[in-house]
Amino acid sequence: MKSPVLFIGQKLSEFTHQWLYNQEIEYVEVDNLTPVEKFESQIFDIFLFFSPAGIESFRASGSFPPPNSAIMVNGNAAAQAAWRYFTNKVSLIDELDELPFVQYSIARWMKENHK
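Residues numbered from 1 in each chain as written. Predicted model: local features only at pLDDT ≥ 70, side-chain atom pairs only at ≥ 80, totals over all residues. Heavy atoms only, no water.

1. Some words on the packing of helix α1 (residues 14-22) against helix α4 (residues 98-112)
- The interhelical angle for the contact between α1 and α4, taken along N-to-C directions, is 30°, at an axis separation of 9 Å. Accordingly, the angle class assigned to the pair α1 and α4 is roughly parallel. Crossing of α1 over α4 shows right-handed handedness. The residues of α4 that touch α1, namely those facing F15, T16, W19 and L20, are E98, L99, V102, Q103 and I106. (Axes fitted to C-alpha atoms, helices over the stretch in contact; angles between N-to-C directions. Helix = DSSP H or I, 4+ residues; strand = E, 2+ residues; numbered from the N terminus. Parallel < 35°, antiparallel > 145°, perpendicular 65-115°, else oblique. Left-handed = near helix turned anticlockwise from the far one by under 90°. Contact = heavy atoms within 4.5 Å.)

2. As for the sheet that holds strand β1 (residues 6-8)
- A sheet is described by the order of its strands in space; here five strands give the open sequence β2-β1-β3-β4-β5, paired in parallel fashion. Of all strands in the sheet, those with a lone pairing partner are β2 (27-29) and β5 (90-92), marking the two edges. Neighbour-to-neighbour, the strand axes of this sheet turn through a mean angle of 20°, independent of strand direction.
- Of the strand pairs in this sheet, β1 and strand β3 (residues 46-49) are connected by three bridges, and their pairing is parallel. Bridge pairing links F7 to F47 in β3. (Pairing = 2+ DSSP bridges.)

3. Some details on the nonpolar core
- Counting 17 residues, the largest nonpolar core has F49, I55, I71 and V73 as its most contacted members.
- Breaking this core down by element, the ones donating at least two residues are β3, α2 (52-60), β4 (70-73) and α3 (76-85).
- Setting aside residues up to four positions removed in sequence, I71 forms contacts with F47, F49, P65, A82, F86, N88, K89, V90 and S91. (Core = buried A, V, L, I, M, F, W, Y, C linked by side-chain atoms within 4.5 Å. Buried < 20%, exposed > 50% of the residue type's maximum accessible area, 1.4 Å probe, protein only.)

4. Considering the packing of aromatic side chains
- Applying the stated rule across the entire model yields ten aromatic pairs.
- Ring centres 4.8 Å apart and planes at 70° place the aromatic pair F50 and F101 in the edge-to-face group. Note that F50 is positioned in the loop between β3 and α2 and F101 in helix α4, a separation of 51 residues in sequence.
- The buried category is assigned to F50, whose relative accessible area is 15%.
- Here the aromatic residues F7, F44, F47, F49, F58 and F86 are joined through ring pairs into a cluster of three or more. (Phe/Tyr/Trp six-rings, centres within 6.5 Å; stacked < 30°, edge-to-face > 60°.)

5. A short note on α3
- Inspection of α3 places A78, A79, A81 and A82 among the buried residues, and these make up the whole buried set. All buried residues of α3 fall inside an arc of 165° around its axis, so they share one side. Set apart from the buried face of α3 by more than 90 degrees, the exposed residues are N76 and R84.
- For α3, the secondary structure elements touched by its buried residues are β3, α2, β4 and β5. (Arc of directions from axis to C-beta.)

6. Observations regarding the pattern of salt bridges
- In the structure shown here, the tally under the stated rule is three salt bridges.
- For K89, the salt bridge goes to E112, with nearest N and O atoms at 3.4 Å. Taken together, the residues span a long stretch of sequence, with K89 in the loop between α3 and β5 and E112 in helix α4 at a distance of 23 residues.
- The network of salt bridges with shared partners includes K89, R108 and E112. (Salt bridge = Lys/Arg side-chain N within 4 Å of Asp/Glu carboxyl O.)

Laid out in structure tokens, this is it:
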């Protein structure tokens, strides 16, 4: 079963890092201080955003997610920002805790893509 490659729009907790490592899931985490441009050549299956600030930072870099990539956002404010900037399908996942949000996003992507 193919695991998705994740773009994560914030720095993750050590607990979430460890879980992703144990699952052998490839990901890149980017916060407002990390230049997004250095990851432009990578193809990501899922873009995870926890806040409007992460989306604003991503867009300010001039980056666009590929049309087939899923956008998963946590909370209504992030969803509003995503719908404003992206033409991709945006899924609102209302899970405040970081690890369950990441886990649910991956499970949903795998189910939708029959992986």
